[in-house]
Amino acid sequence: MLTAVKGIVRGNAIIVDDDNLQEYEGRDAIVTILDFSYEKNKEKNMIYRYSDYSLLSFNTFGIEAKAANFIEFESEEELLELVAQGINSPLLVIGGGSNLLFLRDFDGTILHSRISGVEVVVESEENVFLRVGSGMKWDDLVKYTIEQGWQGLENLSAIPGEVGASAVQNIG
């Protein structure tokens, strides 16, 4: 696991407090966002490599730009493999692109996580701890929690972006 962020959903924000989550009481939804940690099907994972790749679908401004190199990975092991192989710089790690504005082509390597899925780590009457893939769309996570009857994220629906970016409050 590369990054583990625990937080509590209170109102419309995830409050990150790794050491004191047990102190929170009430009906707030407590979530654990594990960036680059969920492996849905290890046997079928792949690294996708592209050159001269259009970034049109990765920026909500709809501006055409291209990346010299674009790499997507589906597991933590693949990311570690990419790092071990060495990645050309400049390097940019992106999610859904709702906070990106490309004014020209990116002459470097862009990494994008395709790690998806949700795993319930702990569920009690008061809390649910989840392990969520960093490449999962945020709104899909919100829909999933609503379908499960878990309260706390429903007011965060329709925010563009991916779960991995939420750990640093960079969705939307």
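Please refer to the structure higher up on the page.
Figured I'd write up the structure that's included with this text. Every chain's residues receive numbers from 1 upward, in the order its sequence appears when written. Only residues with pLDDT of at least 70 are given local features in this predicted model, and only at 80 or more are side-chain atom pairs given and counted; all residues enter the totals for whole chains, interfaces and linings. In computing side-chain properties, one takes all heavy atoms of the structure into account and sets aside hydrogens as well as water.

1. Thoughts on the nonpolar core
Here, nonpolar core means buried Ala, Val, Leu, Ile, Met, Phe, Trp, Tyr and Cys residues that are tied together by side-chain atoms lying within 4.5 Å of each other. Here the term buried applies to any residue with accessible area under 20% of the maximum for its type, exposed to any over 50%, and partly exposed to those in between, with areas from a 1.4 Å probe on protein chains only. Core analysis: the largest hydrophobic core is formed by 14 residues, its most contacted members being Leu-130, Val-132, Trp-138 and Leu-141. At the level of elements, β9 (128-132), α2 (138-147) and α3 (163-166) are the ones that each hand at least two residues to this core. If you look at the next biggest cluster of nonpolar residues, it comprises 10 residues, including Leu-55, Ala-65, Ile-94 and Leu-100. The numbering of helices and of strands both runs from the N terminus, where a helix is a DSSP run of H or I of at least 4 residues and a strand a run of E of at least 2.

2. Some thoughts on the sheet that holds strand β5 (residues 66-73)
Strand pairing follows a simple DSSP-based rule, namely that at least 2 bridges must link the two strands. Spatially, the four strands line up as an open sheet ordered β4-β5-β7-β6, and their pairing is mixed. Edge positions in the sheet fall to β4 (48-54) and β6 (91-94), since each has one partner strand and no second. Averaged over all adjacent pairs, the angle separating strand axes in this sheet is 25°, with direction ignored. Both β5 and strand β7 (residues 106-113) contribute to a ladder of six bridges, which runs parallel. Across the sheet, residue Ala-67 finds its bridge partner in β7, namely Phe-106. Here, residues are in contact when the closest pair of their heavy atoms is within 4.5 Å. Here an axis means a line fitted to C-alpha atoms, over the contact stretch when the element is a helix, while the angle between two N-to-C directions is reported on a 0 to 180 degree scale. Strands in contact with helix α1 (residues 76-85) are β4, β5 and β7; relative to β5, the strand with the most contacts, it is inclined by about 135°.

3. Observations regarding α2
Turning to α2, its buried residues are Trp-138, Asp-139, Leu-141, Val-142 and Thr-145. The buried residues of α2 occupy an angular sector of 155° when the element is viewed end-on, so they sit on one face. A positive phi of about 80° marks Gly-149, the residue just after α2. Taking the helix axis as origin, the arc is that swept by the directions to the C-beta atoms.

4. Digging into the pattern of salt bridges
The term salt bridge refers to a side-chain nitrogen of Lys or Arg lying within 4 Å of a carboxyl oxygen of Asp or Glu. Counted under the stated rule, the structure contains five salt bridges. Of the charged contacts in the structure, one is a salt bridge between Asp-52 and Lys-66, with a shortest N-O distance of 3.8 Å. Taken together, the residues span a long stretch of sequence, with Asp-52 in strand β4 and Lys-66 in strand β5 at a distance of 14 residues. The exposure class assigned to Asp-52 is exposed, which follows from its relative accessible area of 51%. According to the relative accessible area criterion, Lys-66 is partly exposed, its value standing at 30%. What you see here is one network of salt bridges that share partners, running through Glu-72, Glu-74 and Arg-114.

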